[in-house]
Amino acid sequence: MNFTNFGRYILLLKSVFRKPEKFKIYLKEISKQMDYVGVGSLGLIAIISTFIGAVMTLQIAFQLVSDFIPKTIIGSVNRDSSILELSPTISAIVLAGKIGSAISSEIGSMRVTEQIDALEIMGINAPGYLILPKIISGITMVPILVIISMFLSITGGYLGGSLSGAVTPAEYMQGITTDFNPYTIVVALVKAFVFGFIITSVPAYEGFYVRGGALEVSQASTRAVVISCISILVCDYLVTQLLL
């Protein structure tokens, strides 16, 4: 059954990336989706990233009790953890819950009310019109949100360490600037690109093939979030294994 679903998912993506009928209509929809995915999620990502960075600093400081380890290492560990893992993965899982459920519910509602059938009767490529703008917005806006998340997570660590006294501002700044490897940002952005694709395409698939009524739409929405989160964690491991 899982192989059947995967095959339908691949065939749906093939229909999604077919040449669009009118680029102008797609551009308007892409702009709308970018606003929803990017601007609409900015506040949530900002709050989560800042507090995760602050908590990480306190936990690292709590574990580094040895006098032989300089406190500057707190900044280095927080920086690398935020860039490589926390910002891309936590942001993606949060966005899967917020955006994924909305996409699945929207497309699923259109399916059960026969709006998708009406689009297909009119000769419109329904998968392309409904799903392509969402995927494009996901693979462009999620990396931008992850970059913002990295910055705010490191800033949150600075604030958390300074306010608690766990590390001085000078020590933290020295830590985040010492031995920085820019390649870690490349890895994080590759993850963000893959996660953005998953967050938008998997829920769209679940919504597009839903059958029944309101109950089935809600079940598809829940299933979309669960499958998206599992897929994100699996791809997180695979990308890390390949690139590091």
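Higher on the page you've got the structure.
These figures come from a predicted structure and were not determined experimentally. (Residues numbered from 1 in each chain as written. Predicted model: local features only at pLDDT ≥ 70, side-chain atom pairs only at ≥ 80, totals over all residues. Heavy atoms only, no water.)

Draft legend 1. Summary view of a nonpolar patch on the surface. A cluster of nonpolar residues, Val 226, Ile 230, Val 234, Tyr 237 and Leu 238, forms a patch on the protein surface that exposes about 490 Å² of accessible area. Here Tyr 237 lies in helix H8 (residues 214-243). Taking the relative accessible area as the measure of exposure, Tyr 237 reaches 54% and is therefore exposed. (Patch = residues over 30% accessible without salt bridge, like charges linked within 9 Å, V, L, I, M, F, W, Y side chains within 5 Å. Areas by Shrake-Rupley, 256 points an atom, 1.4 Å probe, with all protein chains shown as cover. Salt bridge = Lys/Arg side-chain N within 4 Å of Asp/Glu carboxyl O. Helix = DSSP H or I, 4+ residues; strand = E, 2+ residues; numbered from the N terminus. Buried < 20%, exposed > 50% of the residue type's maximum accessible area, 1.4 Å probe, protein only.)

Draft legend 2. Highlighting the packing of aromatic side chains. This structure, assessed with the given rule, holds six aromatic pairs. The interplanar angle of 90° and the centroid separation of 5.9 Å between the aromatic rings of Tyr 9 and Tyr 205 together place this pair among those described as edge-to-face. Taken as a pair, Tyr 9 in helix H1 (residues 2-16) and Tyr 205 in helix H7 (residues 183-208) lie far apart in primary sequence, 196 residues in all. Considered together, Tyr 9 and Tyr 205 belong to a single accessibility category, that of buried residues. Among the aromatic side chains, those forming a connected cluster through ring pairs are Phe 6, Tyr 9, Tyr 205, Phe 208 and Tyr 209. When the ring centre of Tyr 36 is taken as origin, the NZ or CZ atom of Lys 98, which lies over that ring, is 4.5 Å away. Positioned over the ring face of Phe 208 is Arg 111, at 4.6 Å from the centre of the ring. (Phe/Tyr/Trp six-rings, centres within 6.5 Å; stacked < 30°, edge-to-face > 60°. Lys NZ or Arg CZ within 6 Å of the ring centre and 35° of its normal.)

Draft legend 3. Highlighting the pattern of salt bridges. For the structure on display, the rule yields six salt bridges. The closest approach of N and O atoms between Lys 134 and Glu 106, which form a salt bridge, is 3.4 Å. Of this pair, Lys 134 sits in helix H5 (residues 126-164) while Glu 106 sits in helix H3 (residues 72-112), placing them 28 residues apart in sequence. A relative accessible area of 2% places Lys 134 in the buried class. For Glu 206, the salt bridge is made with Arg 223, and the minimal N-O distance between the two is 2.9 Å. Of the two residues, Glu 206 sits in helix H7 while Arg 223 sits in helix H8, which places them 17 residues apart along the sequence. We classify Glu 206 as buried; its relative accessible area is 10%. Arg 223 gets classed as partly exposed once you look at its relative accessible area, which sits at 39%. A network of salt bridges, in which partner residues are shared, links Glu 85, Lys 191 and Asp 236.

Draft legend 4. Expanded view of the packing of H3 against H7. With their axes 7 Å apart at the nearest point, H3 and H7 run at an angle of 20° to one another. With respect to each other, H3 and H7 are oriented roughly parallel. In terms of crossing hand, the pair formed by H3 and H7 is right-handed. Here the residues of the contact of H3 with H7 sort into 17 nonpolar, seven polar and four charged. (Axes fitted to C-alpha atoms, helices over the stretch in contact; angles between N-to-C directions. Parallel < 35°, antiparallel > 145°, perpendicular 65-115°, else oblique. Left-handed = near helix turned anticlockwise from the far one by under 90°. Nonpolar A, V, L, I, M, F, W, Y, C, P; charged D, E, K, R; others polar.)

Draft legend 5. Fine view of unusual backbone geometry. At Glu 114, a position not held by glycine, the phi torsion is positive, near 65°. Exposure remark for Glu 114: the relative accessible area of 54% places this residue in the exposed category. Located in the positive-phi region is Asp 179, a residue other than glycine, with phi close to 55°. By secondary structure assignment, the location of Asp 179 is in the loop between helix H6 (169-177) and H7.

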